[in-house]
Amino acid sequence: MKLLRNILFTSTLLMSAFAAGTSANADPGRFMDMKKSVKAPIGHKQFCQDNGWACPRESYDPVVVQLNEELWQQLIAVNAEVNRRVKPMTDNDLFGKEEHWSYPVNGYGDCEEYVLEKQRVLMEAGWPKSALLITVAKDVQNSGHAVLTVRTDHGDMILDNQIEAVLPWYSTPYRYIKRQSASSPVAWTGIADTRVTTVSSVSR
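Keep in mind that this is a model prediction, so the values were computed, not measured.

K.L.:
Break down unusual backbone geometry for me, citing the residues and quoting the values.
P.N.:
In this structure, N106 is a non-glycine residue whose phi angle is positive, near 55°. Along the polypeptide, N106 turns up in the loop between helix 4 (91-95) and strand 3 (108-109). A relative accessible area of 73% means that N106 is categorised as exposed. For N142, which is not a glycine, the phi torsion comes out positive at approximately 65°. Looking at the secondary structure, you find N142 in the loop between strand 4 (132-138) and strand 5 (144-152). Among the residues examined, N142 registers a relative accessible area of 56% and is labelled exposed.

Structural data, given as structure tokens:
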């Protein structure tokens, strides 16, 4: 798992550099700090109404994936493949409205379409749904953004359409707000993200 170790080592250096300039209690861990239940995003509610099969009202035991080199390479490959295959287009241009969640339409979509497609592809490849969580954040321009959090024994990993690399959550430049519950696809949980932004720009 040499590549995985190198990525995590680099991310640890970033985290250490950040921690050196802030108070100890702001030092982020490998896993997001999950708090109380919150309302699902309006877009996700609409997505579930349109795709009931993807949002069963069920509960399950959360799973943390034991990450090996093969699974790590699969994460990287799926992230890159979907980012190449789906072309960016706003909801206004695609659907004529500000906010609409869907699987990619004719190969186009915004951040939610990328996330939903990556989640779908990984689930079809056998990844447990409780480890593949849609996550809402604020980007470096304080705009809403969605990424896919993958829960692993190496920490919470982020699949993103704005950053090509698969990174630990604390090495991304986003402020995390809420994500799907690891126990139910229709429940959401708030995230206590007390970090300051550690990366000044996003690779597009």
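Alright, that's what it looks like, and here's the rest.
K.L.:
If you had to explain the state of the cysteines to someone new, which residues and values would you point to?
P.N.:
For the structure shown, the criterion picks out one disulfide. Here C48 connects covalently by a disulfide to C55, the sulfurs 2.1 Å from one another. When the S-S torsion is -75°, as for the bridge of C48 with C55, the disulfide is left-handed. On the basis of relative accessibility, which here comes to 7%, the residue C55 falls in the buried class.

K.L.:
Break down the pattern of salt bridges for me, with residues and values.
P.N.:
Close approach of charged atoms lets side chains of opposite charge pair. If you walk through the whole model with that rule in mind, you get nine salt bridges. With a shortest N-O distance of 3.0 Å, E117 and R85 are connected by a salt bridge. Residue E117 is located in helix 5 (residues 111-124), and its partner R85 is located in helix 3 (residues 69-85); the two are separated by 32 residues in the primary sequence. Given the relative accessible area of 5%, E117 is considered buried. For R85, a relative accessible area of 35% gives the class partly exposed. Note that R120 is salt-bridged to E117, the shortest N-O span being 2.5 Å. Residue R120 and its partner E117 are located together in helix 5, separated by three residues, close to a single helical turn. With a relative accessible area of 24%, R120 lands in the partly exposed category.

Thresholds, definitions, all that
- Residues numbered from 1 in each chain as written.
- Predicted model: local features only at pLDDT ≥ 70, side-chain atom pairs only at ≥ 80, totals over all residues.
- Heavy atoms only, no water.
- Helix = DSSP H or I, 4+ residues; strand = E, 2+ residues; numbered from the N terminus.
- Buried < 20%, exposed > 50% of the residue type's maximum accessible area, 1.4 Å probe, protein only.
- Disulfide = S-S within 2.5 Å.
- Salt bridge = Lys/Arg side-chain N within 4 Å of Asp/Glu carboxyl O.

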